[in-house]
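Listed below, chain by chain, are the residues.
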Amino acid sequence: THQVKPSKAQQQEPTMSNQEDGFYPRLNGAHLASGQFGGMIVSVVATVEACDGQHATVKCCDGGQARFQVDPSFAHPPGTILELIGVATEGNEAQLFVARDMSPDFDMEVYNKMITEVQHNPKFSEYFTPAQ
């Protein structure tokens with residue numbers, strides 16, 4: 001059989017508009033900074049480092065830094081561990097939709113290993129993609 005690969009123009013880049021409801025990738029700082037997930041709803045677990053009322057600077061599970069555009073009502077003090085869900089914009093930035101408190105003893109190292117060695121490992125990709 002002969003398979004035809006779709007052209008570059010026919011391949012759709014993932015964006016929020018064509019992202020399956022309820023499915024969003026879990027990222028570390030390096031994944032977010034890669035730009036590969038721009039326009040997509042993503043999840044980042046991180047520790048709040050600072051907030052100026054417009055942007056929260058956070059330390060991701062891999063030690064990378066990210067900035068989330070937040071509402072002035074964002075009231076999570078430095079040191080708080082959060083799951084941040086929002087739209088990846090440019091570089092290591094995202095616009096925050098939802099922040100969920102995590103336990104103060106959340107193990108960032110184990111979580112980062114799950115992301116890098118399991119979720120983003122092609123060997124296990126069928127378990128981390130929407131059902132077809």
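Below is a summary of the structure that appears in this document. Not measured: the values here are computed from a predicted model.

**As for the side chain of Gln 119**
- Inspection of the secondary structure puts Gln 119 in helix α2 (residues 108–119).
- The exposure class assigned to Gln 119 is buried, which follows from its relative accessible area of 11%.
- Setting aside residues no more than four positions away along its own chain, Gln 119 makes contact with Pro 25, Arg 26, Met 114 and Phe 128.

**Section: the pairing of strand β5 (residues 81–88)**
- Most of β5 sits out of view: eight of its eight residues are buried.
- Pairing geometry for strand β2 (residues 41–51) and β5, over seven bridges, is antiparallel. Looking across to β5, one finds that Ile 41 is bridged to Val 87.
- Examined bridge by bridge, β5 and strand β6 (residues 93–101) share seven bridges and lie antiparallel to one another. Across the sheet, residue Glu 83 finds its bridge partner in β6, namely Arg 100.
- Between β5 and β6, which follow one another and run antiparallel, lie four residues, and Gly 91 among them has a positive phi close to 55 degrees.

**Observations concerning the pattern of salt bridges**
- Under the counting rule described, the total for this entry stands at four salt bridges.
- Arg 26 is the partner of Glu 83 in a salt bridge, and the nearest nitrogen-oxygen pair spans 2.8 Å. Residue Glu 83 is found in strand β5, and its partner Arg 26 is found in strand β1 (residues 26–27); the two are separated by 57 residues along the sequence.
- Taking relative accessible area as the criterion, Glu 83 reaches 7% and is therefore assigned buried.
- Under the relative-accessibility criterion, Arg 26 is labelled partly exposed at 29%.
- Note that Glu 109 and Lys 113 form a salt bridge whose closest N and O atoms lie 4.0 Å from each other. With Glu 109 and Lys 113 both in helix α2 and four residues apart, the pair spans about one turn of that helix.

Basis of the calculations
- Residues numbered from 1 in each chain as written.
- Predicted model: local features only at pLDDT ≥ 70, side-chain atom pairs only at ≥ 80, totals over all residues.
- Heavy atoms only, no water.
- Helix = DSSP H or I, 4+ residues; strand = E, 2+ residues; numbered from the N terminus.
- Buried < 20%, exposed > 50% of the residue type's maximum accessible area, 1.4 Å probe, protein only.
- Contact = heavy atoms within 4.5 Å.
- Pairing = 2+ DSSP bridges.
- Salt bridge = Lys/Arg side-chain N within 4 Å of Asp/Glu carboxyl O.

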